[in-house]
Amino acid sequence: KNQVEQSPQSLIILEGKNCTLQCNYTVSPFSNLRWYKQDTGRGPVSLTIMTFSENTKSNGRYTATLDADTKQSSLHITASQLSDSASYICVVISKPRDDMRFGAGTRLTVKP
Amino acid sequence: NAGVMQNPRHLVRRRGQEARLRCSPMKGHSHVYWYRQLPEEGLKFMVYLQKENIIDESGMPKERFSAEFPKEGPSILRIQQVVRGDSAAYFCASSPKDRVPYEQYFGPGTRLTVT
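What comes next concerns the included structure.

As for the overall build of chain B
Looking only at helices and strands, chain B features zero helices and eleven strands. The linear arrangement of helices and strands in chain B, starting from the amino end, is β-β-β-β-β-β-β-β-β-β-β. A compact globule built from 115 residues should have a C-alpha radius of gyration of about 13 Å, and chain B, at 13 Å, falls within 12% of that. Its C-alpha atoms give chain B principal-axis dimensions of roughly 40 × 25 × 25 Å. Across the 115 residues that make up chain B, the buried fraction comes to 43%. Looking at chain B alone, contacts between residues at least 24 apart form 55% of all its contacts between residues at least 6 apart. When the accessible area of chain B is evaluated, it comes to approximately 5,900 Å², of which 47% is carbon and sulfur surface.

A look at the sheet that holds strand 8 (residues 72–77) of chain A
Adjacent strands of a sheet pair through backbone hydrogen bonds, lying either parallel or antiparallel. Residues and elements named next belong to chain A. Taken in spatial order, the five strands of this open sheet run 1-3-8-7-6, and their pairing is antiparallel. Each of the sheet's edge strands pairs with one partner strand only, and the pair in question is strand 1 (4–7) and strand 6 (56–59). Between one strand and the next, the sheet's axes are offset by a mean angle of 15°, whatever the strand orientation. By the bridge criterion, four bridges tie strand 1 to strand 3 (residues 19–25) in an arrangement that is antiparallel. Its bridge partner lying in strand 3, Q6 is registered against C23.

Brief notes about the sheet that holds strand 3 (residues 19–24) of chain B
Residue and element names in this part refer to chain B. Strand order across the open sheet formed by four strands is 1-3-8-7, with antiparallel pairing between neighbours. Strands with a single pairing partner mark the edges of an open sheet, and in this sheet they are strand 1 (5–7) and strand 7 (65–68). Strand after strand, the sheet turns through a mean of 15° between neighbouring axes, direction not considered. Here strand 3 runs beside strand 8 (residues 75–79); their pairing, made up of five bridges, is antiparallel. Among the inter-strand pairings, L21 is bridged to a residue of strand 8, identified as L77.

Considerations on the pattern of salt bridges
Any two side chains of opposite charge can pair, on the condition that their charged atoms come close. All names here are of chain A. Tallied over the full model, the rule gives six salt bridges over all chains. Between E54 and K57 there is a salt bridge whose closest N-O contact spans 3.1 Å. Note on K57: relative accessible area 29%, which makes it partly exposed. A salt bridge links D84 to R61; its shortest N-O distance comes to 2.8 Å. With D84 in the loop between strand 8 and strand 9 (86–94) and R61 in the loop between strand 6 and strand 7 (62–67), this pair connects stretches of sequence that are 23 residues apart.

With respect to the interface of chain B and chain A
With 18 residues of chain B at the interface, the matching set in chain A holds 20 residues. Here chain B meets chain A over a buried area of about 1,400 Å², counting both sides, of which 50% is carbon and sulfur. The interface formed by chain B and chain A includes one salt bridge. Between E103 of chain B and R34 of chain A there is a salt bridge whose closest N-O contact spans 3.2 Å. Summed over the shared surface of chain B and chain A, the number is five residue pairs in polar contact (both at pLDDT 80 or more). When grouped by side-chain class, the residues that make up the side of chain B that touches chain A number eight nonpolar, five polar and five charged.

Criteria and cut-off values
- Residues numbered from 1 in each chain as written.
- Chains lettered and ligands numbered in written order.
- Predicted model: local features only at pLDDT ≥ 70, side-chain atom pairs only at ≥ 80, totals over all residues.
- Heavy atoms only, no water.
- Helix = DSSP H or I, 4+ residues; strand = E, 2+ residues; numbered from the N terminus.
- Rg over C-alpha atoms; globule rule 2.2 N^0.38 Å.
- Buried < 20%, exposed > 50% of the residue type's maximum accessible area, 1.4 Å probe, protein only.
- Contact = heavy atoms within 4.5 Å.
- Areas by Shrake-Rupley, 256 points an atom, 1.4 Å probe, with all protein chains shown as cover.
- Pairing = 2+ DSSP bridges.
- Axes fitted to C-alpha atoms, helices over the stretch in contact; angles between N-to-C directions.
- Salt bridge = Lys/Arg side-chain N within 4 Å of Asp/Glu carboxyl O.
- Buried area = accessible area lost by both parts, 1.4 Å probe.
- Polar contact = N/O pair within 3.5 Å; in protein donor to acceptor, adjacent residues only side chain to side chain.
- Nonpolar A, V, L, I, M, F, W, Y, C, P; charged D, E, K, R; others polar.

Structural data, given as structure tokens:
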């Protein structure tokens, strides 16, 4: 079983709508959690990095939350645009070796 | 400052041939990481290298796969005697120092197809 589970697997929304992607993890001990955006045919690009003490962090229309107690994170996208169509990957880094555990990603499609 | 460069972007090999994938890190970055992404799956860590050193190869298959990051030149991921199951996208990432808290910057990937 993957230590980082993302849901939903895929999501289709209309342009201008908001959406929330979920990430649950069992990785321990926790160091930090990252969200990446991966456009089709490209490498992942970092959106946010969150440490244990951070509950929420924003990057433009992207807002990530972290509940380290329940081991859950979410990525909220506001006022979606066509260019938001991509895979969103949750990555959890553990101590002490800084191992990175990747979720399988959520495939988001924004339609006009 | 150019980003992480990978070449070739697409590589087709017949079963049994060798595949060589190259990665040039961002300027000033001395740490390189290789990942594999199978179709419809997440990225999987393969190997972490510094210049002339392999730091962590725990994700690398024991046979047929090797990686190097020489003092001069790009990092090379080599797959000998490729099989159909090696077909995947191979991503390289670089960072300026160590993995955390420094960010990793990913290249565009090399898509390997084994026929």
